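Working through the structure, step by step
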Amino acid sequence: GDSVTQMEGPVTLSEEAFLTINCTYTATGYPSLFWYVQYPGEGLQLLLKATKADDKGSNKGFEATYRKETTSFHLEKGSVQVSDSAVYFCALRGGGADGLTFGKGTHLIIQP
Amino acid sequence: DAGVIQSPRHEVTEMGQEVTLRCKPISGHNSLFWYRQTMMRGLELLIYFNNNVPIDDSGMPEDRFSAKMPNASFSTLKIQPSEPRDSAVYFCASSVNSATNEKLFFGSGTQLSVL
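Residues numbered from 1 in each chain as written. Chains lettered and ligands numbered in written order. Predicted model: local features only at pLDDT ≥ 70, side-chain atom pairs only at ≥ 80, totals over all residues. Heavy atoms only, no water.

As for the pairing of strand β8 (residues 62-65) of chain A
Side-chain direction in a regular strand flips from residue to residue, so the side chains alternate between the two faces of the sheet. Residues and elements named next belong to chain A. Pairing between strand β7 (residues 56-59) and β8: four bridges, direction antiparallel. Residue Lys56 lies in a different strand from β8, and its bridge partner there is Thr65. Between the end of β7 and the start of β8, which pair antiparallel, lie two residues, with Lys60 showing a positive phi angle near 55 degrees. Judged from the three bridges that link them, β8 and strand β9 (residues 75-77) form a sheet pairing that is antiparallel. Residue pairing across strands places Phe62 opposite Lys77, the latter belonging to β9. (Pairing = 2+ DSSP bridges. Helix = DSSP H or I, 4+ residues; strand = E, 2+ residues; numbered from the N terminus.)

In structure tokens, the structure reads:
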């Protein structure tokens, strides 16, 4: 079945550092790919998405490119802020499926 | 719009008791999802509904779990009897249409602790 693997956390960085959170997936067909973010005490919120190969999703300074050849969708940000501290989930929606399959989440901690 | 509303925010109960979690999706959304979040397994899809009809409940862990959606604005997830291993955060999410719109809107979750 479909699955998503993302790097274990927590990831701890200093403010203004460069961020990469790795995500790889296994799916049949051509899935849509997503990054969701969960702030403390809240539900998940969609951060960005890409629906086909080579698409780049971007939002709030975060970017991720759909790489079909490496089945990856790594999340990047050039300069992180303390307010980016949260748990980040990579997810996919497989062809014909209605629910999303989520990775286990990566806890990001940004120190001032 | 108030977003997806879940209640209660926190529930502490004793093993063997019945637990009912409630969800009000965003008005106009036709699809509703129940997820469970634990440290060990991350986010797991338990069940989802399209137009109030359960479509896939293969994620429901046991017969002790049941979910209903009697109308477009309300859903419940019931655990009877509850067990300590059911302790988790349960999220409800809704979307306009699961087949054509992929953005899920999540509630704030119910933190369940079964002692």
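Things to note about the nonpolar core
Of all hydrophobic cores here, the largest spans 26 residues; its most connected members are A:Trp35, A:Leu47, A:Leu48, A:Phe73, A:Leu75 and A:Tyr88. Secondary structure elements with two or more residues in this core: β2 (11-14), β3 (19-21), β4 (23-26), β5 (32-38), β6 (44-50), β8, β10 (86-93) and β12 (106-111) of chain A. Top element by residues in this core is β10(A). It accounts for four residues. Residue contacts for A:Tyr88: discarding those within four places in its chain leaves A:Gln6, A:Ile21, A:Trp35, A:Tyr36, A:Val37, A:Leu47, A:Phe62, A:Leu75, A:Gly105, A:Thr106 and A:Leu108. Core analysis: the next-biggest nonpolar cluster, separate from the first, contains 21 residues, B:Trp34, B:Ala67, B:Ala88 and B:Val114 among them. (Core = buried A, V, L, I, M, F, W, Y, C linked by side-chain atoms within 4.5 Å. Buried < 20%, exposed > 50% of the residue type's maximum accessible area, 1.4 Å probe, protein only. Contact = heavy atoms within 4.5 Å.)

A few points about the state of the cysteines
Residue and element names in this part refer to chain A. According to the stated counting rule, one finds two disulfides over all chains in the structure shown. With its sulfur 1.9 Å from that of its partner, Cys23 forms a disulfide with Cys90. Between Cys23 and Cys90 the sulfur-sulfur dihedral comes to about -70 degrees; the bridge is accordingly left-handed. You can see Cys23 sitting in strand β4 and its partner Cys90 sitting in strand β10, a full 67 residues away along the chain. Given a relative accessible area of 1%, Cys23 falls into the buried group. (Disulfide = S-S within 2.5 Å.)

Notes on the interface of chain B and chain A
Taken together, the contact pairs 20 residues of chain B with 18 residues of chain A. Carbon and sulfur atoms make up 51% of the area that chain B and chain A hide from each other, which totals about 1,500 Å². Connecting chain B to chain A are zero salt bridges. Between the two partners, chain B and chain A, sit five residue pairs in polar contact (both at pLDDT 80 or more). Of all the elements in the fold, those that place two or more residues in the side of chain B that touches chain A are β4 (31-38) and β5 (42-50) of chain B. By residue class, the composition of the side of chain B that touches chain A is 10 nonpolar, six polar and four charged. (Buried area = accessible area lost by both parts, 1.4 Å probe. Salt bridge = Lys/Arg side-chain N within 4 Å of Asp/Glu carboxyl O. Polar contact = N/O pair within 3.5 Å; in protein donor to acceptor, adjacent residues only side chain to side chain. Nonpolar A, V, L, I, M, F, W, Y, C, P; charged D, E, K, R; others polar.)

Regarding the side chain of B:Thr110
All names here are of chain B. Take Thr110: it is sitting in strand β11 (residues 110-114). By relative accessible area, Thr110 is classed as buried at 0%. Beyond its immediate chain neighbours, meaning those up to four positions away, Thr110 contacts Gln6, Ser7, Pro8, Arg9, Glu11, Leu21, Ala88, Val89 and Tyr90.

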